[in-house]
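One-letter residues, chain by chain:
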Amino acid sequence: MRPVALLALLLVAACGVPQPPRGFPGPGPVDPRPGASRIDRAQVAQANRDPGYCRARLQAAGARHSVMPGFQGPGACGYPWAVRLEPGGRAARWLPQAPPTSCGVALAVHIWERDIVQPAARRHLGEPVVAIRQLAAYGCRTIGGRPGGPLSEHARANAIDISGFRTASGREISLIRDWHGEPRTRAFLREVRDGACGLFGTVLSPDHDRAHADHFHFDQADRRTPFCR
Ligand SMILES: [Zn+2]
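All residue numbers refer to position in the chain's written sequence, counted from 1. Per-residue local features are limited, in this predicted model, to residues with pLDDT of at least 70; the limit for side-chain atom pairs, both in listing and counting, is 80 or more; totals at the level of whole chains, interfaces and linings are taken over all residues.

Draft legend 1. Spotlight on the overall build of the chain. Along its length, the chain carries six helices and nine strands. Restricting to contacts in the chain with at least 6 residues of sequence separation, those with at least 24 account for 60%. Secondary structure elements are defined from DSSP: runs of H or I of at least 4 residues count as helices, runs of E of at least 2 residues count as strands, and each element is numbered from the N terminus. Any two residues are considered in contact once their C-beta atoms, placed from the backbone, lie within 7 Å.

Draft legend 2. A look at the nonpolar core. In this usage, the nonpolar core is the set of buried Ala, Val, Leu, Ile, Met, Phe, Trp, Tyr and Cys residues whose C-beta atoms join them within 7 Å. Partly exposed residues are those whose C-beta has more than 12 but fewer than 20 other C-beta atoms within 10 Å; with 20 or more the residue is buried, with 12 or fewer it is exposed, and the C-beta atoms are placed from the backbone. Ranked by internal contacts, the top residues of the largest apolar core, which has 49 residues, are A106, L107, A108, W112, A196 and F218. Excluding anything up to four places from it in sequence, A106 contacts L58, H65, V83, L85 and T101.

Draft legend 3. Spotlight on the packing of helix α4 (residues 103–125) against helix α6 (residues 183–196). Only C-alpha atoms enter the line fits that serve as axes; for helices the fit covers just the stretch in contact. Angles between N-to-C directions range over 0 to 180 degrees. Where α4 contacts α6, the axes come no closer than 9 Å and their chain directions differ by 160°. Our classification of the angle between α4 and α6 gives roughly antiparallel. The two elements α4 and α6 meet at a crossing, and its hand is right-handed. Listed contacts from α6 to W112, I116, V117, A120, A121, H124 and L125 of α4 are R184, A187, F188, E191, V192, G195 and A196. Under this scheme an angle from 65 to 115 degrees is roughly perpendicular, one under 35 degrees roughly parallel, and one over 145 degrees roughly antiparallel; angles in between are oblique. Whether a crossing is left-handed or right-handed is set by the direction in which the near helix is turned from the far one by less than a right angle, anticlockwise for left-handed and clockwise for right-handed.

Draft legend 4. How the structure looks around α6. Multiplying one less than the number of residues by 1.5 Å gives the expected span of a helix. The end-to-end C-alpha distance of α6 is 20 Å, a good match for the 20 Å that 14 residues give at a rise of 1.5 Å each. Buried within α6 are the following residues: F188, L189, V192, R193, G195 and A196. For α6, the elements touching its buried residues are α4, α5 (175–178), β7 (202–204) and β8 (216–219).

Draft legend 5. Summary view of the environment of H180. Inspection of the secondary structure assignment puts H180 in the loop between α5 and α6. Linking H180 and P206, residues 26 residues apart in sequence, is a C-alpha distance of 9.6 Å.

Draft legend 6. Representation of the confidence of the model for the chain. A residue's pLDDT is the confidence the predictor assigns to it, expressed on a 0 to 100 scale. Per-residue pLDDT for the chain averages 87, and the proportion of residues at 70 or more is 84%. Counting interchain partners and residues more than four positions distant, the pLDDT-below-50 stretch residues 4–35 has 34 contacts.

Draft legend 7. Highlighting the pairing of strand β5 (residues 159–167). In this description, strands pair whenever DSSP reports at least two bridges between them. Direction of pairing for strand β4 (residues 129–136) relative to β5: antiparallel, over a ladder of six bridges. When the sheet's bridge partners are listed, V129 is paired in β5 with T167. Sheet topology places β5 next to β8; four bridges connect them, and they run antiparallel. Along β8, the bridge assignment pairs D161 with H217. Across three bridges, the pairing between β5 and strand β6 (residues 172–174) is antiparallel. Bridging from a neighbouring strand, G164 pairs with S174 of β6. In this structure, the hairpin formed by β5 and β6 is closed by a connection of four residues, where G170 is found at a positive phi of approximately 95°.

Okay, here's the thing in structure tokens:
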């Protein structure tokens, strides 16, 4: 390489390309170990607060997305802005279309699909997942639907409920039917549940209670230690 070209390359490497913060999961090589992908709580909080930071982190993670306007619900329900994961690229589709969520949820769910769901699907099912089924993100409600109780993270679109998966061969996997199904599918579902624990503040599965017999609940509640069951 000629010295001038080398100098130009070094200058670009030094200051020309914005780099994600150290330790933040980007589009690089995937570590297939369950739980290897993590987002720390401070990064989630910043992603939820700051649209510029949010977009940079989604781009670094290779997530196609759009930023959505806010929504004012009744009382304290609603959100100032949201993000929706868009189809395309190498990511699985959402069925139905991905809902608007907080940035922390969108980012975590994208990384979860890429680094946790796909390796687990290949290992346990022998094929990739091509679609993820979601039930809801935003909903103005209290935790467990208790009247007068604290608002659910769903009330701020800071949560998503996921009910199943479709694989490349067209096989449908649902939590309600397959959580206690045949061993390989059970192992897949437990691995994707456990892998979500490094990415979300709260992970609830059919092991938690009967209200979650048919879905995973993932949210980005601001808690010091993730709650995972
Ligand atoms: Zn939920």
